[in-house]
Amino acid sequence: KEVLMQVDNLKKYFPITGGVFQRTVGNVKAVDDVSFRIHRGESLGLVGESGCGKSTIGRTILRLNEKTDGTVLFQGKDLYKLPKEELRRMRPKMQIVFQDPFSSLNPRIKVGQAIGEALYDHGVTDSKVVRERVLETMNICGLASYQYDRYPHEFSGGQRQRIGIARALIMNPEFIVADEPVSALDVSIQAQIINLLSDLQRDKQLTYLFISHDLSVVEHLCDRVGVMYLGSMVEMSSTEELFRNPLHPYTKALMSAIPVPDPTYKRDRVVLQGDIPSPANPPSGCKFHTRCPIASDICKQQAPEYRDVGNDHLVACHFV
Ligand code: SF4
Ligand code: MG
């Protein structure tokens, strides 16, 4: 399978400044040495609690913020070595959909116009062509033609997310980062948006990085899933394998928190102790040791190796 996005040893640190002179006194290691691949046409899920670095990965691999270290190859090209002009030409191929599309919509600009904006930015000058493309895209995304001239406040949360998806789709992208696209929506609406994303993927051969704190959301859409904790990838495998056979204690804890439809089905509930430590000052050794139910001495001293235990199932734990 063709590798569309290849990420190696990616790091993204945010400096913490302090004191009278606002010197750098430390770093928040939002993404701390993460490697993975995304194949063309696949949907990779990224899960973990808020603050684990998922969104930062999404933004950094699109070069929407600058990396600290590592490499990001898109279609074999190093995004961080591309000249500005070439990066600009690549931009339409890589789009992002945010949790709250409303915040990125200008309240005084009609929705049809907002969806078509990027076409003008990339040199389409014929307003008729733009209008046609916008209407077609709106239609694909489940928005009606008459809504072209409506303003953002006239739309419901689910419809606004359709607008957000239409804005990403108008450029005919190959790769879309969807950053918690359904987290702000009612459960009934969530399914509609996930189905839309799934249909679009099939019809347009899209590749997704789908970010969510909710494992049950990625289960339906994603082919593979990566689990993150405090800036590190702790486990990654096919979705099926991960749900059937979670290996990392953190993944097991996340899994056990998903409500099961059948109450007679017994599952060991793993409840995590304590809060997530600060990524500015992560625990030594295995970063999960302060909350891990099976941690032992070696976990405090030595970071476990992230390794393939067979069948492309990667995990970082001393006791797997
Ligand atoms: Fe838990 Fe130790 Fe495994 Fe980390 S390495 S997940 S602390 S058992
Ligand atoms: Mg986030």
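Residues numbered from 1 in each chain as written. Chains lettered and ligands numbered in written order. Predicted model: local features only at pLDDT ≥ 70, side-chain atom pairs only at ≥ 80, totals over all residues.

- In the nomenclature of an unreviewed UniProt entry, the chain corresponds to Peptide/nickel transport system ATP-binding protein from the organism Paenibacillus macquariensis.
- Here is the UniProt Sequence similarities (unreviewed entry) comment for the chain, exactly as written: "Belongs to the ABC transporter superfamily." (UniProt positions renumbered as here; feature names shortened; annotations may be inferred.)

**With respect to the pairing of strand β10 (residues 232–238)**
In step 1: Most of β10 is tucked away: six of the seven residues are buried.
In step 2: The pairing of strand β9 (residues 224–229) with β10 spans six bridges and is antiparallel. Across the sheet, the residue bridging to Y229 is S232, located in β10.
In step 3: Where β9 folds back onto β10 in an antiparallel hairpin, the turn is made up of two residues, including L230, whose phi is positive at roughly 50°.
In step 4: Bridge analysis of β10 against strand β12 (residues 314–316) gives two bridges, and the strand direction is antiparallel. The residue of β12 that forms the bridge with E235 is V315. (Buried ≥ 20, exposed ≤ 12 C-beta atoms within 10 Å, placed from the backbone. Helix = DSSP H or I, 4+ residues; strand = E, 2+ residues; numbered from the N terminus. Pairing = 2+ DSSP bridges.)

**With respect to the UniProt feature "domain: ABC transporter" (unreviewed entry) in the chain**
In step 1: Mapped onto this numbering, the UniProt entry gives "domain: ABC transporter" (unreviewed entry) at residues 5–255.
In step 2: The annotated region residues 5–255 carries 36% helix and 29% strand content, and the separation between its end C-alpha atoms amounts to 27 Å.

**Digging into the environment of E66**
In step 1: In this fold, E66 is placed in the loop between α1 (54–61) and β4 (69–74).
In step 2: For E66, a count of 9 C-beta atoms within 10 Å corresponds to the exposed category.
In step 3: With 14 residues separating them along the chain, E66 and Y80 place their C-alpha atoms 8.3 Å apart.

**Considering the pairing of strand β1 (residues 3–18)**
In step 1: With 13 bridges connecting them, β1 and strand β2 (residues 23–39) associate as antiparallel partners. Note on β2: the bridge partner recorded for F14 is V28.
In step 2: Between β1 and β2, which pair antiparallel one after the other, the connecting turn spans four residues, and G19 there sits at a positive phi close to 80°.
In step 3: As paired elements, β1 and β4 share five bridges and run antiparallel to each other. Of the residues in β4, the one forming a bridge with M5 is F74.

**Some remarks on the confidence of the model for the chain**
In step 1: When pLDDT is averaged across the chain, the result is 93; 97% of the residues are at 70 or more.
In step 2: The ipTM value of the predicted complex is 0.97, and its pTM value is 0.93. (pLDDT = per-residue confidence, 0-100.)

**Some remarks on the sheet that holds β1**
Two orientations exist for strands paired in a sheet by backbone hydrogen bonds: parallel and antiparallel.
In step 1: Taken together, four strands build an open sheet; the order of strands is β2-β1-β4-β5 and the sheet is antiparallel. Of all strands in the sheet, those with a lone pairing partner are β2 and β5 (77–78), marking the two edges.

**Some points on unusual backbone geometry**
In step 1: A positive phi angle, near 50°, is found at N9, a position not held by glycine.
In step 2: Summarising the element assignment, N9 is placed in strand β1.
In step 3: Look at N172: it is not a glycine, yet its phi comes out positive at around 55°.
In step 4: Looking at the element boundaries, N172 is found in the loop between α5 (157–169) and β7 (175–179).

**Digging into the sheet that holds β7**
In step 1: Taking strand neighbours across the sheet as the criterion, the eight strands line up as β6-β7-β8-β3-β9-β10-β12-β11 in an open arrangement whose pairing is mixed. Whereas interior strands pair on both sides, the edge strands pair on one side only; in this sheet they are β6 (94–97) and β11 (306–308). Within this sheet the neighbouring strands show an average axis-to-axis angle of 20°, counted without direction.
In step 2: Across the face of the sheet, α5 comes into contact with β6 and β7 while running at roughly 175° to β6.
In step 3: Across the face of the sheet, helix α9 (residues 249–256) comes into contact with β3 (43–47), β9 and β10 while running at roughly 105° to β9. (Axes fitted to C-alpha atoms, helices over the stretch in contact; angles between N-to-C directions. Contact = placed C-beta atoms within 7 Å.)

**Observations concerning the packing of α5 against helix α6 (residues 187–204)**
In step 1: Contact pair α5 / α6: the axes reach a minimum separation of 10 Å and the direction vectors enclose 20°. Compared by their axis directions, α5 and α6 come out roughly parallel. Pair α5 / α6 crosses with right-handed handedness. In contact with G157, G158, Q161, R162, I165 and L169 of α5, α6 contributes I189, Q192, I193, L196 and L200.
In step 2: Class assignment for the residues of the contact of α5 with α6 results in six nonpolar, four polar and one charged. (Parallel < 35°, antiparallel > 145°, perpendicular 65-115°, else oblique. Left-handed = near helix turned anticlockwise from the far one by under 90°. Nonpolar A, V, L, I, M, F, W, Y, C, P; charged D, E, K, R; others polar.)

**Thoughts on the packing of helix α3 (residues 111–121) against helix α4 (residues 127–140)**
Each pair of packed helices gets described by two things: the angle between the helix axes and the distance between those axes.
In step 1: Interhelical geometry of α3 versus α4 gives an angle of 120° and a closest axis separation of 9 Å. As far as their axial angle goes, α4 and α3 are oblique. Both α3 and α4 take part in a crossing whose hand is right-handed. Contact residues: G112, I115, G116, L119 and Y120 in α3; V130, R133, V134, T137 and M138 in α4.
In step 2: When the residues that make up the contact of α3 with α4 are grouped by side-chain class, the tally is six nonpolar, three polar and one charged.

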